[in-house]
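What follows is each chain in one-letter form.
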Amino acid sequence: MSQPHSVAEPHSEPSTAAADERLTTQEGRRDFWRATLSCWLGTAMEYADFALYGLAAGIIFGDVFFPEASPSMALLSSFATWSVGFIARPIGALFFGWLGDRRGRKIVMVSTIILMGVSTTLIGLIPSYASIGLWAPACLVILRFTQGFGAGAELSGGTVMLGEYAPAQRRGLVSSVIALGSNSGTLVASLVWLAVVQMDQQSLQEWGWRIPFLCSSLIALVALWIRRHLRETPVFERQKAALQQQRTQAQRAPAATDRRGFWQRSRAFRVMVGLRIGENGPSYLAQGFIIGYVVKVLAVDKSVATTAVFIASLLGFLIIPLAGWLSDRFGRRITYRCFCLLLIIYAFPAFMLLDSREPAVVIATIVTGMGLASLGIFGVQAAWGVELFGVTHRYTKMATAKELGSILSGGTAPLVAAALLSWTGHWWPIATYFVAMAAIGLATTFIAPETRGRDLNDPDDAI
């Protein structure tokens with residue numbers, strides 16, 4: 001039962017009461033479902049963009065933008081432009097996170113979907129290297145940067161919004177909708193690419209590869225239309241009302257000085273970075289680099305890789321909510337730990353199996369990797385990330401930590417893996433790299449707090 005709420009102590013009442021109270025009304029339930037659909041579509045848009053780019057980088061970008069390079073160097077160059085988007089993400093996270101913590105979640109959610117939608121559509125309109133020379137990869141880099149700038153706040157914005165809308169007892173399950181959105185985007189991307197790669201090589205290289213990027217604008221338009229009617233989260237509205245009431249009544253107490261050192265004050269931030277490395281690095285190796293490795297190096301038919309991504313995306317609609325439910329039932333920490341351990345076990349056998357070049361074996365290996373790294377563990381991370389941070393700077397801290405973790409793992413993982421392959425000519429350094437990142441995530445779970453059901457209006461970080 002809720003405790004009496006006072007102006008002097010705006011966070012004494014559990015934040016779950018705000019979400020539960022709003023859900024008792026028809027309008028509140030409508031707000032909840034609108035926010036859920038909006039976050040799902042926005043994340044679908046983000047991950048459709050990145051999955052489209054990852055598949056394109058592995059399958060066709062080397063031929064379109066780097067035709068004069070060797071196969072290994074073309075793959076390396078394609079994934080170098082991939083990494084540019086991840087460099088832009090923490091910059092976008094800082095800017096939009098600051099804006100979201102001060103002006104609200106809605107303004108950011110509208111801005112990011114516009115930026116991402118325009119950037120992705122324009123990528124589909126870039127002339128080839130054969131038409132404009134070096135300007136082609138230059139335009140690709142610029143648009144990849146702006147795409148990443150918007151994406152830096154999109155995922156965290158949706159995660160924060162859903163976490164702050166959800167009742168505490170079902171926060172893991174509701175927040176996993178963000179991962180369902182990412183899975184939906186990957187599914188759409190793989191479906192479109194599965195159709196596109198059926199073209200002959202000349203048509204694919206000349207104009208076919210543009211179709212997926214141009215079609216992504218449809219998702220952006222639908223998401224934008226829904227987001228224009230969004231309402232702020234219950235947690236943000238309560239925080240804003242409490243601060244306004246304090247200012248009006250002149251009862252705001254002087255801010256206490258935090259005497260802890262920098263490393264103590266940044267513990268939650270560092271924990272989020274570690275958790276992100278354990279998820280994002282293996283994820284982008286599984287759904288990015290391995291696709292290119294299978295197609296370009298092992299010379300397996302393109303349809304095999306895209307079929308694997310498609311099957312994994314279908315299974316994601318079962319794996320993701322199950323992972324979220326498990327985190328509600330048993331806790332965030334133990335569920336995340338189990339996924340990291342499974343990823344460590346997976347790495348070396350996966351590359352051994354890929355070398356068989358058998359379509360069924362290759363598909364099963366990619367599906368398993370994506371199920372663990374891109375689906376299950378991501379479904380747990382959403383609620384845990386929201387609960388780690390206090391309400392005052394939640395958006396800024398979580399978005400920045402996540403994107404910094406992405407740079408240190410997912411953003412550079414395909415590039416590092418391609419460089420290791422070019423340098424050694426073998427897969428074992430890549431498998432070792434895969435294990436190392438999953439091990440960082442595993443180690444982080446032993447210092448991270450269990451936050452299941454935490455009061456989201458608490459101004460302090462969980463650790």
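Residues numbered from 1 in each chain as written. Predicted model: local features only at pLDDT ≥ 70, side-chain atom pairs only at ≥ 80, totals over all residues. Heavy atoms only, no water.

Asker: What's the story with the overall build of the protein in this structure? I'm lost.
Answerer: On a plain count of helices and strands, the protein comes out with 20 helices and 0 strands. Within the protein, buried positions represent 60% of all 463 residues. Across the protein, the fraction of contacts at a sequence separation of at least 24, relative to all contacts at a separation of at least 6, is 85%. Of the roughly 17,900 Å² of accessible surface on the protein, a fraction of 66% belongs to carbon and sulfur atoms. (Helix = DSSP H or I, 4+ residues; strand = E, 2+ residues; numbered from the N terminus. Buried < 20%, exposed > 50% of the residue type's maximum accessible area, 1.4 Å probe, protein only. Contact = heavy atoms within 4.5 Å. Areas by Shrake-Rupley, 256 points an atom, 1.4 Å probe, with all protein chains shown as cover.)

Asker: Honestly, the pattern of salt bridges in this entry has me stumped. Any pointers?
Answerer: Two side chains of opposite charge can pair, provided their charged atoms sit close to one another. Counting across every chain of the model gives 11 salt bridges. Salt-bridge contacts for Glu 164 lead to Arg 105; the nearest nitrogen and oxygen are separated by 2.8 Å. Within this pair, whereas Glu 164 is found in helix H7 (residues 135–165), its partner Arg 105 is found in helix H5 (residues 105–123), the two being separated by 59 residues in sequence. Just as Glu 164 is buried, Arg 105 falls in that class too. Put simply, Glu 387 and Arg 332 hold a salt bridge, and the shortest N to O gap is 2.8 Å. Note that Glu 387 is positioned in helix H17 (residues 359–388) and Arg 332 in helix H16 (residues 332–354), a separation of 55 residues in sequence. Ionic contacts of the salt-bridge type, sharing partners, join the residues Asp 101, Arg 105, Glu 164 and Arg 394 into one network. (Salt bridge = Lys/Arg side-chain N within 4 Å of Asp/Glu carboxyl O.)

Asker: Teacher, can you tell me more about unusual backbone geometry here?
Answerer: Of all residues except glycine, most have a negative phi; of all peptide bonds, most are trans. Located in the positive-phi region is Ala 299, a residue other than glycine, with phi close to 60 degrees. Residue class for Ala 299 comes out exposed when judged on its relative accessible area of 61%. In this structure, Arg 357 is a non-glycine residue whose phi angle is positive, near 65 degrees. Here Arg 357 lies in the loop between H16 and H17.

Asker: Explain the packing of aromatic side chains here, please?
Answerer: A full pass over the atoms with the stated rule returns 11 aromatic pairs. Grouped by ring-pair contacts, the aromatic residues Phe 289, Tyr 293, Phe 348, Phe 351 and Trp 427 constitute a single cluster. In this structure, Arg 329 is placed above the aromatic ring of Phe 330, and the distance from its NZ or CZ to the ring centre is 5.0 Å. Arg 337 extends its terminal NZ or CZ atom over the ring of Phe 446, reaching a point 3.9 Å from the ring centre. (Phe/Tyr/Trp six-rings, centres within 6.5 Å; stacked < 30°, edge-to-face > 60°. Lys NZ or Arg CZ within 6 Å of the ring centre and 35° of its normal.)

Asker: How do you make sense of the environment of Tyr 293 when you look at a structure like this?
Answerer: Along the chain, Tyr 293 turns up in helix H14 (residues 267–297). Linking Tyr 293 and Ala 417, residues 124 residues apart in sequence, is a C-alpha distance of 9.6 Å. Beyond its immediate chain neighbours, meaning those up to four positions away, Tyr 293 contacts Leu 298, Phe 351, Leu 354, Asp 355, Leu 421 and Trp 427.

Asker: Any chance you could explain the side chain of Asn 183 here in plain terms?
Answerer: The residue Asn 183 is located in helix H9 (residues 177–196) in this model. Among the residues examined, Asn 183 registers a relative accessible area of 2% and is labelled buried. Look past the residues within four positions of Asn 183 in its chain and what remains in contact with it is Ala 312, Ser 313, Gly 316, Phe 317, Ile 320 and Leu 375.

Asker: What am I meant to see in the side chain of Glu 232 here?
Answerer: Structurally, Glu 232 can be placed in the loop between helix H11 (210–227) and helix H12 (234–249). For the buried Glu 232, no salt bridge is present, and the opposite-charge side chain at shortest range is Arg 105, 5.2 Å distant. Within the structure, Glu 232 has its side chain in polar contact with the backbone nitrogen of Arg 105 (distance 3.0 Å). (Lys, Arg positive; Asp, Glu negative; His and termini not counted. Polar contact = N/O pair within 3.5 Å; in protein donor to acceptor, adjacent residues only side chain to side chain.)

Asker: I'm lost on the nonpolar core in this one. Help?
Answerer: For soluble globular proteins, nonpolar side chains are generally found buried alongside one another. In this structure, Leu 285, Phe 289, Tyr 293, Val 294, Phe 351, Leu 354 and Ile 366 are the most contacted members of the largest nonpolar core, which totals 65 residues. Per element, the largest residue contribution to this core is 14 residues, and it comes from H14. Excluding its chain neighbours within four sequence positions, the residues that come into contact with Leu 354 are Ile 290, Tyr 293, Val 294, Leu 298, Val 362, Thr 365 and Ile 366. In this structure, Cys 39, Phe 86, Ala 179 and Tyr 284 belong to the second largest nonpolar core, which totals 21 residues. (Core = buried A, V, L, I, M, F, W, Y, C linked by side-chain atoms within 4.5 Å.)

Asker: I tried to follow H17 on my own but got confused; where do I start?
Answerer: Turn by turn, an α-helix covers 3.6 residues, leaving residues three or four places apart pointing in a common direction. With 30 residues, H17 should cover 44 Å at 1.5 Å per step; its first-to-last C-alpha distance of 42 Å lies within 8% of that length. Along its length, H17 reaches its greatest deviation from straightness, about 40 degrees, at Phe 378. For H17, the tally of buried residues reaches 25 of 30 residues, placing the bulk of the element in the interior. (Expected span 1.5 Å × (residues − 1). Bend = angle between axes of the 7 residues up to and from the residue.)

Asker: Help me understand the packing of H14 against H16, please; the structure alone is not making it clear to me.
Answerer: Between two packed helices, what matters for the description is the angle formed by their axes and the separation of those axes. Across the interface, H14 lies against H16 with an axial gap of 11 Å and an inter-helix angle of 20 degrees. By the criterion of interaxial angle, the relationship of H14 to H16 is roughly parallel. With respect to the hand of their crossing, H14 and H16 are arranged in left-handed fashion. Contacts from Leu 275, Arg 276, Gly 278, Glu 279, Pro 282, Phe 289, Ile 290, Tyr 293 and Val 294 of H14 reach H16 at Tyr 336, Leu 343, Phe 351 and Leu 354. (Axes fitted to C-alpha atoms, helices over the stretch in contact; angles between N-to-C directions. Parallel < 35°, antiparallel > 145°, perpendicular 65-115°, else oblique. Left-handed = near helix turned anticlockwise from the far one by under 90°.)

Asker: How should the state of the cysteines be read in this particular structure?
Answerer: Inspection of every chain in the model, using the stated rule, returns 0 disulfides. Not part of a disulfide, Cys 338 finds its nearest cysteine sulfur in Cys 340, a span of 9.4 Å. (Disulfide = S-S within 2.5 Å.)

Asker: Can you walk me through the packing of H5 against H11 in this structure?
Answerer: Running from N to C, H5 and H11 point in directions that differ by 165 degrees, and their axes come no closer than 8 Å. The angle between the axes of H5 and H11 places the two elements in the roughly antiparallel class. Pair H5 / H11 crosses with left-handed handedness. In this structure, H5 contributes Lys 106, Met 109, Val 110, Thr 112, Ile 113, Ile 114, Gly 117, Thr 120, Thr 121 and Ile 123 to the contact, and H11 contributes Phe 213, Leu 214, Ser 216, Ser 217, Ala 220, Ala 223, Leu 224 and Arg 227. Considering only residue class, the contact of H5 with H11 consists of 10 nonpolar, 6 polar and 2 charged. (Nonpolar A, V, L, I, M, F, W, Y, C, P; charged D, E, K, R; others polar.)

Asker: Explain the confidence of the model for the protein to me, please; I cannot follow it from the model alone.
Answerer: Low pLDDT marks regions whose predicted coordinates should not be analysed in detail. Of all residues in the protein, 85% attain a pLDDT of 70 or more, and the chain-wide mean is 81. Contacts for the low-pLDDT stretch residues 1–16, under 50 throughout, to residues beyond four places or in other chains number 34 contacts. (pLDDT = per-residue confidence, 0-100.)

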